[in-house]
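A structural walkthrough
Now for the letters of each chain:
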Amino acid sequence: MSTAPTVGLRASRPAHALFVLPFVTMYVLMLLWPLAKGIWISFHDHDLLSDDSFWVGLANYAELWQDEVFQQVVWNTLRFVAISTPIFVVLSLTLALALNRPGKLATFLRATFFCASVFSVTLITLVWKLALMPERGLIAQMFTALGIPELPLLTSDHLALLTIALVTVWWIIGLPMIMFLSALQQIPGDIYEAAALDNTPRWRVLTHITLPSLKRAVILVTLIEVIRQFQVFPQIMLMTNGGPNNTTRSIVQFTYEQAFMQLSLGYATAASQILLAIMLIGVSAQLWLERDRKGGAR
């Protein structure tokens, strides 16, 4: 038996690395190196103004552990994710199910919901701040017309974070909706035809065919939204600036203020590493729960 093809294959293996070299290079430069550099800086007391840097070890993390403001912003961020992510998943799935049909009206509504996510955060927050103005805003006038007492939606310690979460959902609900629509359109039509021939009720088609077929899409949308909502910053900065009483300040805003207003880069970087750890824990827990459910189902 000739060994020429095997020799040729082995000889060409080093050349295969050239195809992945550009990706590996960009991956190291754009992800691994900044991550390692950030961890290194978090162990220093780095002053941006003087560019002085001193090794302090875990002192930044110990200070964050005792910082009451940081404890508050961590709790705010966790609450924001817990409020917004389920709304994103349930509402976007509901919209996708409702608009997964032919027709001009459904096409128009899909485009309308998706177009909102294209607008800049500055425009969205400006429109909503005008709508939420006390007494003269659209929301206040609606409450007055309905005879409902006006609610301090952006100035209440209990309502401000919920209001920002709802504005965020209104703004970018289009992307998860499109992802669910794409998943719905990949379900084979033969299954629905067989169900129709058996006169299967709609609710059974939904619960036994559609929703089980969307498990992977639900997991994907949930993971994406968890990661996105942990990084909430611009809408909070523009709508409440972290107020009232630090009840809407997020970890990203805290990091920004420490780095570029207090000029304490090491302290800010330590806070960002904690945010990264929380995100990894959250995503890992979600993946573990889904794997555990699949194992139990088997």
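Just so we're clear, the structure is a prediction, and the values are computed from it rather than from any experiment.

Quick notes on the packing of helix α9 (residues 189-197) against helix α10 (residues 202-213)
One way to put it is that α9 packs onto α10 with a least axis distance of 11 Å and a crossing angle of 155°. Considering the angle they form, α9 stands roughly antiparallel to α10. For the pair α9 and α10, the sense of crossing is right-handed. Contacts between α9 and α10 pair Ile-191, Tyr-192 and Ala-195 from the former with Val-205, Ile-209 and Thr-210 from the latter. Tallied by class, the residues present in the contact of α9 with α10 amount to five nonpolar, one polar and no charged.

Considerations on the packing of aromatic side chains
Under the counting rule described, the total for this entry stands at nine aromatic pairs. Grouped by ring-pair contacts, the aromatic residues Trp-40, Phe-43, Trp-55 and Tyr-61 constitute a single cluster.

As for the pattern of salt bridges
Taken as a whole, this structure holds two salt bridges when the rule is applied. Of the charged contacts in the structure, one is a salt bridge between Arg-228 and Glu-225, with a shortest N-O distance of 3.3 Å. Residue Arg-228 and its partner Glu-225 are both found in helix α11 (residues 215-230); the two are separated by three residues, about one turn of the helix. The class for Arg-228 is partly exposed, based on a relative accessible area of 27%.

Some thoughts on the environment of Leu-175
Within the fold, Leu-175 resides in helix α8 (residues 174-185). Assessed through its relative accessible area of 33%, Leu-175 is described here as partly exposed. Remark: the alpha-carbon pair of Leu-175 and Val-118, spanning 57 residues in sequence, is separated by 9.6 Å. Apart from residues no more than four positions distant in its own chain, Leu-175 is found in contact with Phe-114 and Arg-228.

A short note on unusual backbone geometry
For the bond running from Gly-243 to Pro-244, omega is -10°, close enough to zero to count as cis. With respect to the secondary-structure elements, Pro-244 resides in the loop between α12 (234-239) and α13 (251-260). Even without being a glycine, Asn-241 presents a positive backbone phi close to 55°. Of note in the backbone geometry, Asn-245 takes a positive phi value of approximately 55° without being a glycine. Residue position: Asn-245 is located in the loop between α12 and α13. Given a relative accessible area of 62%, Asn-245 falls into the exposed group.

Brief notes about the side chain of Thr-163
Summarising the element assignment, Thr-163 is placed in helix α7 (residues 160-172). A polar contact is formed between the side chain of Thr-163 and the backbone oxygen of Leu-153, at a distance of 3.0 Å.

Rules and cut-offs
Residues numbered from 1 in each chain as written. Predicted model: local features only at pLDDT ≥ 70, side-chain atom pairs only at ≥ 80, totals over all residues. Heavy atoms only, no water. Axes fitted to C-alpha atoms, helices over the stretch in contact; angles between N-to-C directions. Helix = DSSP H or I, 4+ residues; strand = E, 2+ residues; numbered from the N terminus. Parallel < 35°, antiparallel > 145°, perpendicular 65-115°, else oblique. Left-handed = near helix turned anticlockwise from the far one by under 90°. Contact = heavy atoms within 4.5 Å. Nonpolar A, V, L, I, M, F, W, Y, C, P; charged D, E, K, R; others polar. Phe/Tyr/Trp six-rings, centres within 6.5 Å; stacked < 30°, edge-to-face > 60°. Salt bridge = Lys/Arg side-chain N within 4 Å of Asp/Glu carboxyl O. Buried < 20%, exposed > 50% of the residue type's maximum accessible area, 1.4 Å probe, protein only. Polar contact = N/O pair within 3.5 Å; in protein donor to acceptor, adjacent residues only side chain to side chain.

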